[in-house]
Amino acid sequence: MEEKISGLAYVLGNNIDTDQIIPAEHLVYSLTDEEESRKYGQYALSGVPVPLAGLPEGGKQFVESDSYQSKYSIIIGGSNFGCGSSREHAPFALQKAGVKVIVAESYARIFYRNSVDGGFVVPFESTEKLNDKIKTDDEIEIDFKENEIKNLSSNQVYKLKPLGDVLPIIAAGGLFEYARKSGMLEN
Amino acid sequence: MGMTITEKILAKSARRVFLEPGENVWLNVDVLMTHDVCGPPTIGIWKNEFGEKAKIWDKNKLVVFPDHYIFTKNVHANRNVDVLRKFAKEYDLPNYYDVGSPRYKGVCHIALAEEGYNVPGTVLFGTDSHTCTSGAFGMFATGVGNTDAAFILGTGKIWEKVPESMKFTFHGKMPEYLTAKDLILQILGDITTDGATYRSMEFDGEAIFSLPMLERMTLTNMAIEAGGMNGIIQADKIAEEYVSERTDKNFEIFISDRDAKYFSKHEYDVNKIEPLVAKPHSPDNRDTVKNVEGTKLTKCYIGSCTGGKITDFINAAKILYGQTVKTSTFIVPASTETAKELEGETYKGLSLKQIFENAGCQIAQSSCAACLGGPDDTFGRAVDKDVVISTTNRNFPGRMGSKKSEVYLASPLTVAASAVNGFITDPRNFLM
Ligand code: SF4
């Protein structure tokens, strides 16, 4: 696991549900076919209503039309991030679009598990509300060792909650890798 | 110290005598359920991770229902069903319910109950967030993603954090104008969409235990809308009877101890609850039907695992009998058994099907249909700026199709009353 990750922030509101992360009509593409699975990146966060897409101004496309990747690699959310369906396509789509870390006040359980067990993105919990302090396009650095998020654009540092019990799974890269490393599964 | 039903079931599954909320434990899974949207990627991960040696831990414990995107021309969606079909054939799965065959069942959560997979005291995981529905049978049931499901598929095991429990007690005798849907909308408005995140929601009280199993399932179904890990209702005589008619498996009934610890307790008098809606765009955006009465509608929808059971249609028929709908009204029986019952079940001498047809409703084959939007050709899908009232469980932006549409969630009584008038209507106008 890297010690630090930096990138541009894309800021969202509360209750970002899985239909906003990847609208249901797109769930039909293959997740294993390299070429076809790029579509998940293309449509990541395409269900977010335009005025709420990229706060505070809104109206900022997460992925440019005709692109499969986003320039944003760090998502700042509010509470209850990832609520809704059990679709693992949601954290997968974010990973495909290039997201590395999400920082939110709280997560819906299934989304959180999927992010961790699938090894898609690292879901950090913030210790305070951040989606009104960090703006879309701010430059962000996440420090895994110190459990800190630094806004390089405003020079503010905020504490993150330690990853706790799920850290070994995240460090291993997902549930299967973890189970192999810990001897639960054969190599 | 005492334990809740959920804690006791998880302890049994983890082969432990005692456990506490917050502990991470490895559970032994009794049933794994998957469907056409999450089944193929689950199978993909399983094959990939276990490689040549990939083995299903126990074929009899795997249940597969195509139900989401099945009556569509969409090639990708059809390919998903083909993947399931091939997989079922290759591994000779005993519990595969293929679409287009007489075994086809419809929406997974209802089919699980009807086919006898819901058994008190057991642990069921499914690749669908509404897997919590099965908790109405005094069992632990919850949703997981594809990686977790693939892990279960190969090992029969999964980790879970033992949840704290919240208790919701409903006192009194259910009035005729209320349904389980109103009760859960009441709770959602009170605790909001993350009020039960990572917790168990336990329902009890006189009003709950008077409900038939299918109505109880509406409550546990929407536990996930409050973020709940599971919803659970202690199994009683009504549950035992339902289960015994459908399976000869033995089962164990767990009861929460009197000194069990709860994160919170919530008490309601059902006589003080009014018919409710959840306004766009969140299931916790609760209001009384009275307050939004008159809102013009372009579509009415009665279907899904929440509101497409025979008990929901009986309620709708009480109002639609002898009436004509003023707005396009879509009827989607959740399961093929429900579809059959629409013809068998009667009200004032007419079958429910006749009542709905006479009222001008359109009736579809059993499936998830427009509950989650789906491909363009999906029956009842919200288009453009549709204003919909629906018995389903989610009204997030775009959930039923168009991102510009607005969806109100309500009970089948309220949806039926609204269909007759073409605008949102309190069912008491028809029942009293
Ligand atoms: S009916 Fe709706 S909520 Fe139920 S399983 Fe199908 S899509 Fe999900």
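A quick note: this is a predicted structure, and the numbers were derived from the prediction, not measured.

## Considering the overall build of chain A
Okay, step 1: Regarding its fold elements, chain A presents six helices and seven strands.
Okay, step 2: The helix and strand sequence of chain A, counted from the amino end, reads β-α-α-β-α-β-α-β-β-β-β-α-α.
Okay, step 3: Against the compact-globule benchmark of 16 Å for 187 residues, chain A has a radius of gyration of 16 Å, which places it among compact chains.
Okay, step 4: When its C-alpha atoms are laid out on the principal axes, chain A stretches across 50 × 40 × 25 Å.
Okay, step 5: The buried share of chain A, taken over its 187 residues, is 59%.
Okay, step 6: Expressed as a percentage of contacts within chain A between residues at least 6 apart in sequence, the contacts between residues at least 24 apart total 66%.
Okay, step 7: Placing the 19 positive and 28 negative side-chain charges of chain A at their respective mean positions leaves the two points 2 Å apart.

## Here's the deal with the pattern of salt bridges
Pairing is possible between side chains that carry opposite charge, provided their charged atoms lie close to one another.
Okay, step 1: Tallied over the full model, the rule gives 45 salt bridges over all chains.
Okay, step 2: A salt bridge links A:Arg109 to B:Glu160; the shortest N-O distance between them is 2.7 Å. With A:Arg109 in helix 4 (residues 109-117) and B:Glu160 in strand 6 (residues 157-161), the pair connects residues from two separate chains. Summarising the burial analysis for this pair, A:Arg109 and B:Glu160 share the class buried.
Okay, step 3: Put simply, B:Lys61 and B:Asp58 hold a salt bridge, and the shortest N to O gap is 3.9 Å.
Okay, step 4: A residue is classified by how much of its surface remains accessible, and B:Asp58, at 22% relative accessible area, is partly exposed.
Okay, step 5: Through salt bridges that share partners, A:Arg109, A:Arg113, A:Asp117, B:Asp148 and B:Glu160 make up one connected network.

## Quick word on the nonpolar core
Okay, step 1: In this structure, A:Phe81, A:Leu94 and B:Phe356 are the most contacted members of the largest nonpolar core, which totals 210 residues.
Okay, step 2: The leading source of residues in this core is helix 6 (residues 180-191) of chain B, at seven residues.
Okay, step 3: Summarising the domain contributions, this core has at least three residues from each of domain 1 (5-248 + 264-268) and domain 2 (277-424) of chain B.

## Quick look at helix 3 (residues 75-90) of chain B
Residues and elements named next belong to chain B.
Okay, step 1: In this model helix 3 runs 22 Å from its N-terminal to its C-terminal C-alpha over 16 residues, within 8% of the 22 Å that 1.5 Å per residue would give.
Okay, step 2: All buried positions along helix 3 are accounted for by Ala77, Asn80, Val81, Leu84, Phe87 and Ala88. The buried residues of helix 3 occupy an angular sector of 120 degrees when projected down its axis, which confines them to one face. Exposed and facing more than 90 degrees away from the buried side of helix 3 are Val75, Lys86, Lys89 and Glu90.
Okay, step 3: Buried residues along helix 3 sit in contact with strand 2 (31-35), helix 2 (39-50), strand 3 (62-65) and helix 5 (146-155).
Okay, step 4: With a side-chain oxygen positioned 3.0 Å from the backbone nitrogen of His76, the residue opening helix 3 is Asn74.
Okay, step 5: Directly beyond the C-terminal end of helix 3, a positive phi value near 50 degrees is found at Asp92.

## With respect to the domain arrangement of chain B
All names here are of chain B.
Okay, step 1: Domain assignment breaks chain B into domain 1 (5-248 + 264-268) and domain 2 (277-424).
Okay, step 2: Computed over C-alpha atoms only, the centres of domain 1 and domain 2 are separated by 24 Å.
Okay, step 3: The partner domain 2 presents 37 residues to the 39 residues of domain 1 that form the contact.
Okay, step 4: Contact between domain 1 and domain 2 buries roughly 3100 Å² in total, counting both sides, with carbon and sulfur atoms accounting for 58%.

## Some details on helix 15 (residues 412-421) of chain B
Residue and element names in this part refer to chain B.
Okay, step 1: Within helix 15, nine of the 10 residues are buried, which leaves the element mostly enclosed by the surrounding structure.
Okay, step 2: Those residues of helix 15 not exposed but buried are Pro412, Leu413, Thr414, Val415, Ala416, Ala417, Ser418, Ala419 and Val420.
Okay, step 3: Phi turns positive one or two residues past the end of helix 15, at Gly422, with a value near 85 degrees.

## Quick look at the sheet that holds strand 9 (residues 230-232) of chain B
Residues and elements named next belong to chain B.
Okay, step 1: Strand order in the open sheet formed by four strands is 9-8-7-10, with parallel pairing between adjacent strands. Looking at which strands have only one partner, the edges of the open sheet turn out to be strand 9 and strand 10 (264-269). Geometrically, the sheet is characterised by an average inter-axis angle of 20 degrees between neighbouring strands, direction not taken into account.
Okay, step 2: Together, strand 7 (164-171), strand 8 (199-204) and strand 9 form the strand contacts of helix 1 (residues 5-13), whose direction differs from that of strand 9 by roughly 110 degrees.
Okay, step 3: Seen against the sheet, helix 6 touches strand 7, strand 8 and strand 10 and runs at an angle of roughly 130 degrees to strand 7.

## Thoughts on the side chain of B:Thr6
Residue and element names in this part refer to chain B.
Okay, step 1: For Thr6, the location among the structural elements is in helix 1.
Okay, step 2: When its relative accessible area of 0% is taken as the criterion, Thr6 is described as buried.
Okay, step 3: In contact with Thr6, other than residues within four places in its own chain, are Phe140, Pro163, Ser165, Ser200, Asn230 and Ile232.

## Let's talk about the confidence of the model for chain B
Okay, step 1: Mean pLDDT over chain B: 97, with 100% of residues reaching 70 or higher.
Okay, step 2: Scored by ipTM, the complex comes to 0.92, with pTM at 0.95.

## Some details on unusual backbone geometry
Okay, step 1: Of note, the bond from A:Leu55 into A:Pro56 is cis; its omega dihedral lies within 30 degrees of zero at 5 degrees.
Okay, step 2: Relative to the elements of secondary structure, A:Pro56 occurs in the loop between helix 2 (34-42) and strand 2 (72-76).
Okay, step 3: Of the consecutive residues B:Pro280 and B:His281, the connecting peptide bond is found in the cis state with omega at -5 degrees.
Okay, step 4: Despite not being glycine, A:Asn80 shows a phi value in the positive range, around 60 degrees.
Okay, step 5: Structurally, A:Asn80 is set in the loop between strand 2 and helix 3 (89-97).
Okay, step 6: Residues other than glycine seldom take positive phi values, yet B:Ala369 does so here, at roughly 45 degrees.
Okay, step 7: Following the sequence through the fold, B:Ala369 ends up in the loop between strand 17 (362-363) and strand 18 (387-390).

## A few points about the environment of B:Ile331
Residue and element names in this part refer to chain B.
Okay, step 1: Considering the arrangement of structural elements, one finds Ile331 in strand 14 (residues 328-332).
Okay, step 2: Between the alpha carbons of Ile331 and Thr133 there is a distance of 21 Å; along the sequence they are 198 residues apart.
Okay, step 3: The residues touching Ile331, leaving out its near neighbours within four places in the chain, are Ile302, Phe313, Leu342, Phe356, Cys361, Gln362, Ile363, Ala364 and Phe379.

Thresholds applied
- Residues numbered from 1 in each chain as written.
- Chains lettered and ligands numbered in written order.
- Predicted model: local features only at pLDDT ≥ 70, side-chain atom pairs only at ≥ 80, totals over all residues.
- Heavy atoms only, no water.
- Helix = DSSP H or I, 4+ residues; strand = E, 2+ residues; numbered from the N terminus.
- Rg over C-alpha atoms; globule rule 2.2 N^0.38 Å.
- Buried < 20%, exposed > 50% of the residue type's maximum accessible area, 1.4 Å probe, protein only.
- Contact = heavy atoms within 4.5 Å.
- Lys, Arg positive; Asp, Glu negative; His and termini not counted.
- Charge placed at Lys NZ, Arg CZ, Asp CG, Glu CD.
- Salt bridge = Lys/Arg side-chain N within 4 Å of Asp/Glu carboxyl O.
- Core = buried A, V, L, I, M, F, W, Y, C linked by side-chain atoms within 4.5 Å.
- Domains from an automatic or database assignment.
- Expected span 1.5 Å × (residues − 1).
- Arc of directions from axis to C-beta.
- Polar contact = N/O pair within 3.5 Å; in protein donor to acceptor, adjacent residues only side chain to side chain.
- Buried area = accessible area lost by both parts, 1.4 Å probe.
- Pairing = 2+ DSSP bridges.
- Axes fitted to C-alpha atoms, helices over the stretch in contact; angles between N-to-C directions.
- pLDDT = per-residue confidence, 0-100.

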